[in-house]
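Structural overview
Each chain, written out:
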Amino acid sequence: METVRGTKKNLLHRLIQARAADSHVGIALVLLLLVIVQTLVLGFDYGSFGQWFTAWFRNWVNILRNNAGVGIVALGMTFVIITGGIDLAVGSTLVATGAVIMTLIDTGATGILGQMGIAGAPAYATAVVIALVMGYVLGTGIGLLITKGRIAPFIATLGAMKIFRSVTQHFMQGYNPRVPRGFLQISNLQMGGLMFMPILYWVIIALVLHYVSRRTTFGRQVIAVGSNERAAQLSGVNVGRVKTRVYSLMGILVAIASIVQVARIGSMDYANAGSGMEMDAIAAAVVGGTSMAGGRGTILGTFMGMLIIAVMNNLLNLFGVPPFLREAFKGLIVVLAVLLQRKQMT
Amino acid sequence: MKNITKSFGTNQVLKDVSITIHDGEICALIGENGAGKSTLMNILGGVHQTDSGAIFLDGQRVHFANPAQSLGAGIAFIHQELNLINDLPIYENMFIGRELKGRWGRLDLAAMEQATQDIFDRMDIDIDPKTMVRDLDASYKQIVEICRAILMDASVIIMDEPTTSLTEPEIERVFQMMRTLRDQGVGIIFISHKLGEVMEICQRYLVLRDGELVAEGDVADVTMDDIARFMVGKALIIDQLTRTKNIGEEVLRLEGFTHAKSFRGVDLTVRSGEILGVTGLLGDGRSALFQTVFGADRNTSGNMFLSGKQVKISSTEQALQMGIGYLPRNRKENGIIKDMNVLDNASIVTWPLFATRGVLDTDKHVEIFQTQRRELDITLQTLMDPINTLSGGNQQKVVLAKWLAANPKLLILDNPTQGVDVGAKEEIYEAILRLAAEGMAIVVLSSEAQEIIRLCDRALVMYHGQIQGEVSGETMTEQHIMRLATGGILDAV
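Residues numbered from 1 in each chain as written. Chains lettered and ligands numbered in written order. Predicted model: local features only at pLDDT ≥ 70, side-chain atom pairs only at ≥ 80, totals over all residues.

**Quick word on the interface of chain B and chain A**
Under the convention used in this document: Contact criterion: two residues are in contact if their C-beta atoms, reconstructed from the backbone, are within 7 Å. Runs of H or I in DSSP of at least four residues are treated as helices and runs of E of at least two as strands, each being numbered from the N terminus. As a working rule, the residues Ala, Val, Leu, Ile, Met, Phe, Trp, Tyr, Cys and Pro are called nonpolar, Asp, Glu, Lys and Arg charged, and the rest polar, with Gly in that last group.
If you look at the interface, chain B gives 26 residues, while chain A gives 21 residues. The set of elements that each furnish at least two residues to the side of chain B that touches chain A consists of helix 10 (316-321), helix 11 (331-335) and helix 13 (351-354) of chain B. Counting residues per element, the side of chain B that touches chain A draws most heavily on helix 10 of chain B, at four residues. Residues that form the side of chain B that touches chain A fall into these classes: 15 nonpolar, five polar and six charged.

In structure tokens, the structure reads:
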């Protein structure tokens with residue numbers, strides 16, 4: 001018995017050491033554990049293996065699709081947090097962009113593109129491009145406030161958060177645009193009876209950003225700036241521009257999330273849509289090993305962090321935990337994740 | 001302390017070291033970086049525990065599990081980074097953690113103030129205990145720390161390089177205080193790299209090298225050269241280093257370069273292939289001046305010319321593109337990026353230079369760094385190791401390497417050998433000489449007169465933000481530099 005315990009301890013010790021070398025290993029292990037639990041909870045009480053697999057697979061597609069929007073935002077949030085910043089305005093930017101998209105493609109009498117005689121695919125493409133530009137402009141604006149205006153990221157984005165949502169709500173009062181069916185295909189296009197599109201966008205963006213973070217000047221400069229801003233500046237890095245670009249990128253990603261969301265449900269609740277999104281995105285990044293102090297964090301980590309939170313949510317749902325209590329579990333995961341990471345560092 | 005041994009992992013940093021400190025003496029603890037001074041003192045101060053051996057205090061064997069116990073036994077450790085809270089007055093700082101309290105936990109400010117005043121009277125110090133620590137200069141902060149040690153009835157005070165950030169008159173003030181303490185029977189351990197100070201203030205010396213006590217004795221019996229020899233184990237070279245001089249066109253010219261706070265009316269020129277030294281004491285403004293040249297700050301007036309053409313530089317990125325490099329002082333704060341690996345740290349400057357449409361050319365960076373690694377003799381395991389795993393000297397070489405990769409026309413080196421051991425120092429010097437021989441214009445900022453003399457063709461000495469004078473050839477001596485740096489002028493030669 002003693003020896004068994006001894007080897008177990010050794011194994012655990014080795015795992016912890018492996019984690020210290022690459023924090024992804026630990027996160028992946030936690031994720032794997034959750035996947036196993038999720039599989040067990042779903043049970044095997046199906047007619048055949050084929051039926052079981054279909055049910056299992058559908059469940060996964062649902063989990064991933066429901067979290068694709070926040071997942072995309074969390075990827076951008078990772079860059080923001082690595083530079084030592086924070087973006088509280090993502091939810092409001094999402095609503096503002098969403099409102100603009102819907103006003104553009106509205107099939108009713110007041111739809112802007114409709115009035116100009118643009119409909120169908122050209123209208124959707126125009127709306128998407130305008131949404132992306134708008135996300136870029138809003139994000140860049142926030143970035144410039146932080147870098148040129150020298151306002152703390154928390155304050156600048158808190159301000160933007162209030163402004164964007166309030167203005168959107170004001171202008172969208174009593175206006176219920178109708179989203180054309182064609183636009184919904186962006187998120188709801190079916191492949192093999194399953195709706196993959198949001199997941200596809202999420203995964204592609206994650207892969208691209210992973211590459212950007214590791215292999216491009218910008219990606220490396222983001223980490224350098226976050227780890228030691230002064231040293232980066234004295235190495236000829238244009239710190240202001242790197243930071244501004246991080247918020248621009250965040251804006252574009254929020255716009256993508258907004259497009260996905262509008263296309264998924266065909267409407268938007270301007271008061272509540274995206275509220276709490278900033279916290280969910282931050283939680284995913286933190287669970288994935290991103291340091292709030294800056295300088296440390298990876299796209300892969302955040303992607304897995306988002307999955308951990310998503311699976312956890314789904315499990316709580318399956319276990320029948322009352323909805324109000326689920327947020328408490330989310331909070332618990334975040335605190336535990338950071339606690340574990342702290343333990344390993346010492 | 002008897003037979004002290006200490007290892008970190010497989011690295012034995014102290015090998016059977018025995019030292020004795022008497023009351024009423026100032027004893028110098030000398031050694032190169034990594035010789036084991038800090039570890040030895042951290043054991044005495046209760047920060048680390050010894051592997052074997054024991055500490056005796058007044059003949060009694062003692063054991064310190066933590067700094068509080070050591071302090072309780074009367075051993076005060078004054079660290080290089082002072083432990084004072086700027087926003088509190090002196091007397092509250094004196095009692096931090098042990099505040100005098102009245103009824104209901106109310107702070108007894110009057111009693112604390114009085115106790116502080118008593119100590120100041122005893123030590124003959126003329127400052128108001130109510131002064132905010134923020135408003136004190138570096139020497140008085142040091143003095144407040146010492147007074148705090150006295151307040152705790154310390155019988156041994158360890159001072160870790162107390163004079164590094166002090167100016168000449170400030171150092172004298174701290175020394176005066178140390179003498180007073182010595183006369184009152186306190187034993188002081190003075191850790192310093194400045195041998196001149198050791199000769200001036202200490203009675204005895206202890207020299208550590210590679211974790212062993214290699215020499216000890218009375219300061220009166222030895223010269224500075226002797227101690228320096230004990231430290232390095234071989235005779236120090238003090239002649240000017242020679243190279244093939246290849247001095248060409250003017251690269252940088254400043255005219256009336258001024259920044260409201262840091263420097264005023266600076267005129268200078270540097271030519272290609274030339275090594276210009278700029279020196280002075282703390283607060284001379286040389287770092288601010290050249291950080292401005294490098295675009296990290298803006299000047300308020302004056303003009304800057306690069307290769308004869310007037311330029312305005314508003315960012316470090318622009319400076320880099322114009323062929324200016326700047327190796328910063330304080331490697332830890334300004335030089336290295338701790339969350340990145342060796343290769344990233346060695347290539348950060350050249351990322352945008354070699355990238356194609358933003359994508360890094362990692363192969364090229366590896367190739368360049370491998371060459372530099374041989375040239376600069378950088379010791380490391382793999383390129384992917386965190387930069388922190390390298391020794392100070394190797395870290396500094398990596399920081400130098402990132403600038404060499406950019407091959408600038410003008411390279412500014414700010415304290416290039418700060419916190420670097422003697423061996424690495426020589427290798428960095430060799431690299432600098434090689435670059436100059438290849439035609440790079442080099443500016444060396446240093447507070448070490450010896451470094452300036454050995455390395456530079458001529459040197460400008462700054463004093464309170466202005467150029468006080470220039471020395472070269474015959475006039476480039478430590479005495480002349482010190483005279484200019486303290487605000488004096490050279491007699492007509």
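**A few points about the sheet that holds strand 14 (residues 301-306) of chain B**
Two modes of strand pairing occur in sheets, parallel and antiparallel, and in both the strands are linked by backbone hydrogen bonds. Residue and element names in this part refer to chain B. What counts, and what does not: The pairing criterion for strands is at least two bridges between them, as found by DSSP. Axis lines are fitted to C-alpha atoms, over the contacting stretch for helices. Their N-to-C directions set the angle, which ranges from 0 to 180 degrees.
Read across the sheet, four strands follow the order 12-11-14-15 without closing on themselves; strand pairing throughout is antiparallel. Each edge of the open sheet is held by one strand with a lone partner, namely strand 12 (263-271) and strand 15 (309-311). Strand-to-strand twist in this sheet, taken as the mean axis angle between neighbours without regard to direction, amounts to 20°. Where strand 11 (residues 250-259) lies against strand 12, six bridges are found, and the strand directions are antiparallel. Note on strand 12: the bridge partner recorded for Arg253 is Thr269. Against the sheet, helix 9 (residues 286-293) contacts strand 11, strand 12 and strand 14, and its axis sits at roughly 65° relative to strand 12.

**Brief notes about the packing of helix 8 (residues 181-188) of chain A against helix 12 (residues 239-265) of chain A**
Residue and element names in this part refer to chain A. Cut-off, in case you're wondering: Crossings are classed by handedness, with left-handed meaning an anticlockwise turn of the near helix from the far one by less than a right angle and right-handed meaning a clockwise turn.
Between helix 8 and helix 12, whose axes approach to 7 Å, the crossing angle comes to 115°. For helix 8 against helix 12, the interelement crossing comes out left-handed. Touching Phe183, Leu184, Ile186, Ser187 and Asn188 of helix 8 are Ile259, Val260, Ala263 and Arg264, all from helix 12.

**Looking at the sheet that holds strand 13 (residues 275-280) of chain B**
Residue and element names in this part refer to chain B. Across the sheet, six strands lie side by side as 16-17-18-13-19-20; this open sheet has mixed pairing. Edge positions in the open sheet fall to strand 16 (324-327) and strand 20 (466-472), since each of these has one partner strand only. Direction aside, neighbouring strands of the sheet carry axes that sit 20° apart on average. Where strand 17 (residues 410-414) meets strand 18 (residues 441-446), five bridges bridge the pair, whose relative direction is parallel. When the bridges of strand 18 are listed, Leu411 appears paired with Ile442. On top of the sheet, helix 16 (residues 422-437) reaches strand 13, strand 17 and strand 18; it is set at about 150° to strand 18, its chief contact.

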